[in-house]
Amino acid sequence: MDCSPTFCVPGFWNSFIRFHSRSSRRRRCLHSLGLAAMPEKRPFERLPADVSPINYSLCLKPDLLDFTFEGKLEAAAQVRQATNQIVMNCADIDIITASYAPEGDEEIHATGFNYQNEDEKVTLSFPSTLQTGTGTLKIDFVGELNDKMKGFYRSKYTTPSGEVRYAAVTQFEATDARRAFPCWDEPAIKATFDISLVVPKDRVALSNMNVIDRKPYPDDENLVEVKFARTPVMSTYLVAFVVGEYDFVETRSKDGVCVRVYTPVGKAEQGKFALEVAAKTLPFYKDYFNVPYPLPKIDLIAIADFAAGAMENWGLVTYRETALLIDPKNSCSSSRQWVALVVGHELAHQWFGNLVTMEWWTHLWLNEGFASWIEYLCVDHCFPEYDIWTQFVSADYTRAQELDALDNSHPIEVSVGHPSEVDEIFDAISYSKGASVIRMLHDYIGDKDFKKGMNMYLTKFQQKNAATEDLWESLENASGKPIAAVMNTWTKQMGFPLIYVESEQVEDDRVLRLSQRKFCASGPYVGEDCPQWMVPITISTSEDPNHAKLKILMDKPEMNIVLKNVRPDQWVKLNLGTVGFYRTQYSSTMLESLLPGIRDLSLPPVDRLGLQNDLFSLARAGIISTVEVLKVMEAFVNEPNYTVWSDLSCNLGILSTLLSHTDFYEEIQEFVKDIFSPIGERLGWDPKPGEGHLDALLRGLVLGKLGKAGHKATLEEARRRFKDHVEGKQILSADLRSPVYLTVLKHGDSSTLDIMLKLHKQADMQEEKNRIERVLGATPSSELIQKVLTFALSEEVRPQDTVSVIGGVAGGSKHGRKAAWKFIKDNWEEVYNRYQGGFLISRLIKLSVEGFAVDKMAGEVKAFFESHPAPSAERTIQQCCENILLNAAWLKRDAESIHQYLLQRKASPPTV
């Protein structure tokens, strides 16, 4: 499943800063607010093993008008231990009748159904003992096509003629197959599935496998019964079915697999880009894993109401419309890239997750971390011009480090019990840290042995379940390296190291002294027993910046390294390519020698990015001064690389959010304008001949940054182009729409907002609606902000997109943040019921409160959620409260020195 955000809000990921010299006081502060200890876990037991399924024969008949469904289940089951009851998972389903027929014997009717709603289980009681052996469990049941975007649910869409209708669709990961049919809803309890759907004859019906029969339904001439081929052995969370109205485009991969992309009616053209990506991706994975794709077909389908980015159901992958559909004229470059990554992610799961499945949710990271890494490998293969691995560092690696520096982070492997705990681990640790440590592992092993180990793992465990240790064993056998010993330090303990390095010239050699300590958002680690990691370290020099001069495994707290033949005038850098999952703090002389490499671009882009990001994080943690980082940022004046600018922009956004709590917010905006003006002038507004994907991304980023900061020439041109766009004289290119919309709204009035809302209503593409929704929060006045917040919960905004509208308000300004938080409190019941827990609630809370920087707000947030529990967001709430305290400490520590620096700059501007 892809749960990554599709938008960037300044301060969106964790602002995790605290004053190091007051770290013990701060820790007491966290404890006094009750932020350091997670609540006790609810008692939970997995299903008993006495009865298990072999095959589910399942027929479902959804009613698309009354939003109900009828179901008939005939499950071939194995009684392993004599019992008079069968315990299954079941939620929001009413069982009408149930019986069990031992093979060759009479049917035994269940005499009682005991629902344990809290644990989402049902116990079927039988009047006599079910003996060991096989038999058939029959259950007739009814359920609701809910509007919560989980289980078997309804998805609202509008036909080309303007009529509102509903599709019936599924989302079962993690624990929601039980909302569609009674089942053994645990990933290790695998079975085959024979699925039939009874649907209106003018609707498309899809499931994991290909259709083998379609015949009229005897009781109603308007219905047909569609039967699908038997699936391979698989987990319940990967089962899927869709009933609705769709067009499709299709092709065959070079391996002969039928690939289809299903789109809303009339939009088949918009499925062609994803089709092209999918057709390239399947053979890439087949070759990489050396294991063929095991099903005859794969469908990719765009679902109107969809909580995640996408879901890897075997053979029927479901997507948000914005994660699958590309309009050649109206889609921007970042949307193409997003679609390519999400398609790559979900198709990787067809092997890694579907063919071999984690044994329990504790190993979720294995699924998601791996897919989040290999999606980049796949996109790099399909679109080398995207420079996607540099983008990985900004999008995943640094994002994971921000979260993992908190006291309230968690290890990659988390012990998970109750279903309410599972949603919490669909976070940046499972996905982005998981991907980052696999990237580091791949680099440590080398591609050849990594592929060999992957093949061993997939071959050994296909159609079975596996744990993290099983993957380590396969990779260890392939490479001969101590994989388990190294990786356990990264997956079983939370956090990551800060490597401090200093150097000394000894004749012709450079001697490095390295030491590792846990990196903490609150400053230097002060605990007694500091955790240790086995860290693959790479070292490069200015002699050959793109290749490692030395690779070592740092397996102790301190070590000395001798680099032979390094002249005094050469720089030395750790973590070539920013691959190792650690931060680096250089001695002042080493850092001084590296800074010219930023200005003259002799440091590779990903190393320039890593160096700046490390310094920014050290400043946030109070280890160095924020002013020092601002000085380094000024060295990026010649920077040409999009991703380096993107990371710099995010960090300046975090700083801007922090300084919105001061009376010198305008000064930091002047700094932003000074930093971004030269690159803005070089790029201009219109594409030049020979420019490509990354130039388009950079132009949008820079113009948006300048426009938001109030850069006069940018604002004037944005207003001119917006007027032409609205009047139909000159339609804005897709890549310029977000920055122009943002700029005119930020410096606009009520008529600007009205025009934007009108454009939203007229937009036929979900991408355009989302583009507008994300920037509405930039509107300047309190009255207009209230209008935007009301709009967020209106019928005009799809349920999954409400989060980005409210998040945009919170990220837009200081009074926007306050208004968004009040709005959430005032409308909590409606908001919570809309998402019924789930990770969207976590994301909404994070976006809304994380930008605060006053100690008392942490107490207020904590108190609110104590009286308004959100079980699936408990850890997120802890992290947000911690971040608020860290922001407050950062502000107290550095605000005055930042202000003085900005004033001094104003008095005597630096020469570029």
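Since the model is a prediction, treat every value here as computed from it, not as a measurement. Numbers given to residues run from 1 along each chain, matching the order in which its sequence is written. Residues qualify for local features only when their pLDDT is at least 70, as the model is predicted, and side-chain atom pairs are given and counted only at 80 or more; totals for whole chains, interfaces and linings, by contrast, use all residues. Hydrogens and water molecules were not included; the side-chain quantities draw on all heavy atoms of the structure.

A. Just the overall build of the protein, in detail. The helix and strand inventory of the protein stands at 28 helices and 29 strands. Within these notes, the globule rule equals 2.2 Å times the number of residues to the 0.38 power, and the radius of gyration is based on C-alpha atoms. Its C-alpha atoms give the protein a radius of gyration of 28 Å, within 12% of the compact-globule value 29 Å for 912 residues. If you line up the protein on its principal axes, its C-alpha atoms span 90 × 65 × 55 Å. Residue burial is assigned from relative accessible area. The probe radius is 1.4 Å, only protein chains are included, and a residue is buried under 20% of its type maximum, exposed over 50%, and partly exposed in between. Counting all 912 residues of the protein, 64% fall into the buried class. By definition, residues are in contact when any of their heavy atoms lie within 4.5 Å. For the protein, the share of sequence-separated contacts (at least 6 apart) that also reach a separation of at least 24 residues comes to 72%. We count a stretch as a helix when DSSP gives it H or I for four or more residues in a row; a strand needs E for two or more, and each element gets its number in order from the N terminus.

B. Region of the structure containing the packing of aromatic side chains. Any pair of Phe, Tyr and Trp rings, taking the six-membered ring for Trp, is counted once the centres come within 6.5 Å. Such a pair is stacked with planes under 30 degrees apart, edge-to-face with planes over 60 apart, and tilted for the rest. Overall, the coordinates contain 46 aromatic pairs when judged by the stated rule. The rule is short: NZ of Lys or CZ of Arg within 6 Å of the ring centre and within 35 degrees of the ring normal puts a charge over the ring. When the ring centre of Phe519 is taken as reference, the NZ or CZ atom of Arg583 above it lies at 5.9 Å.

C. A look at the UniProt feature "binding site: Zn(2+)" (unreviewed entry) in the protein. The sites that UniProt annotates as "binding site: Zn(2+)" (unreviewed entry) are His345, His349 and Glu368. These annotated residues cover 24 residues of sequence, but their C-alpha atoms sit close together, with the largest distance between any two at 8.6 Å. Its place among the elements puts His345 in helix 3 (residues 333-349). Note on placement: His349 falls in helix 3. In contact with His349, not counting residues within four places along its chain, are Met1, Glu312, Asn354, Asn367, Glu368 and Ala371. Residues adjacent in sequence count toward polar contacts only when both atoms are side-chain atoms; beyond that, a polar contact is any pair of N or O atoms within 3.5 Å, and within protein one must be able to donate a hydrogen and the other to accept it. Looking at His349, its side chain comes within polar contact range of the side chain of His345, at 3.2 Å. UniProt positions are given in the numbering used here, feature names are shortened, and annotations may be inferred rather than shown by experiment.

D. Region of interest: the domain arrangement of the protein. Per the domain assignment, the segments making up the protein are domain 1 (51-243), domain 2 (245-357), domain 3 (359-492), domain 4 (501-600) and domain 5 (649-907). Reported domain spans reflect what an automatic or database domain assignment gives. A separation of 33 Å is found between the C-alpha centroids of domain 1 and domain 3. Between domain 1 and domain 3, the residue contacts involve 15 residues of the former and 13 residues of the latter. Two parts placed together each lose some accessible area; with a 1.4 Å probe, that loss summed over both constitutes the buried area. The contact between domain 1 and domain 3 buries some 1,100 Å² in all, and 55% of this surface belongs to carbon and sulfur atoms. Counting the surface domain 1 buries against domain 3, the share from its top three residues, Glu173, Ala174 and Pro187, is 37%. When a carboxyl oxygen of Asp or Glu is within 4 Å of a side-chain nitrogen of Lys or Arg, the pair counts as a salt bridge. Where domain 1 touches domain 3, the interface holds zero salt bridges. In this classification, Asp, Glu, Lys and Arg are treated as charged, Ala, Val, Leu, Ile, Met, Phe, Trp, Tyr, Cys and Pro as nonpolar, and every other residue, Gly included, as polar. Class assignment of the residues belonging to the side of domain 1 that touches domain 3 gives a composition of six nonpolar, two polar and seven charged.

E. Quick look at helix 16 (residues 665-683). Taking 1.5 Å as the rise per residue, helix 16 with 19 residues should run 27 Å; its terminal C-alpha atoms sit 27 Å apart, in good agreement. Fitting axes to the seven residues that end at a residue and to the seven that start at it, the angle between those axes gives the bend at that residue. At Phe676, helix 16 is bent by approximately 40 degrees, the largest bend along its length, and proline Pro678 sits one to four residues beyond. The set of residues buried in helix 16 consists of Glu667, Ile668, Gln669, Phe671, Val672, Lys673, Ile675, Phe676, Ser677, Ile679, Gly680 and Leu683. Those residues of helix 16 that are buried lie in contact with helix 14 (626-633), helix 15 (642-659), helix 17 (693-709) and helix 28 (874-907). Just beyond helix 16, the residue with positive phi is Gly684, at close to 70 degrees. Helices are assigned an expected span. That span is 1.5 Å times one less than the residue count.

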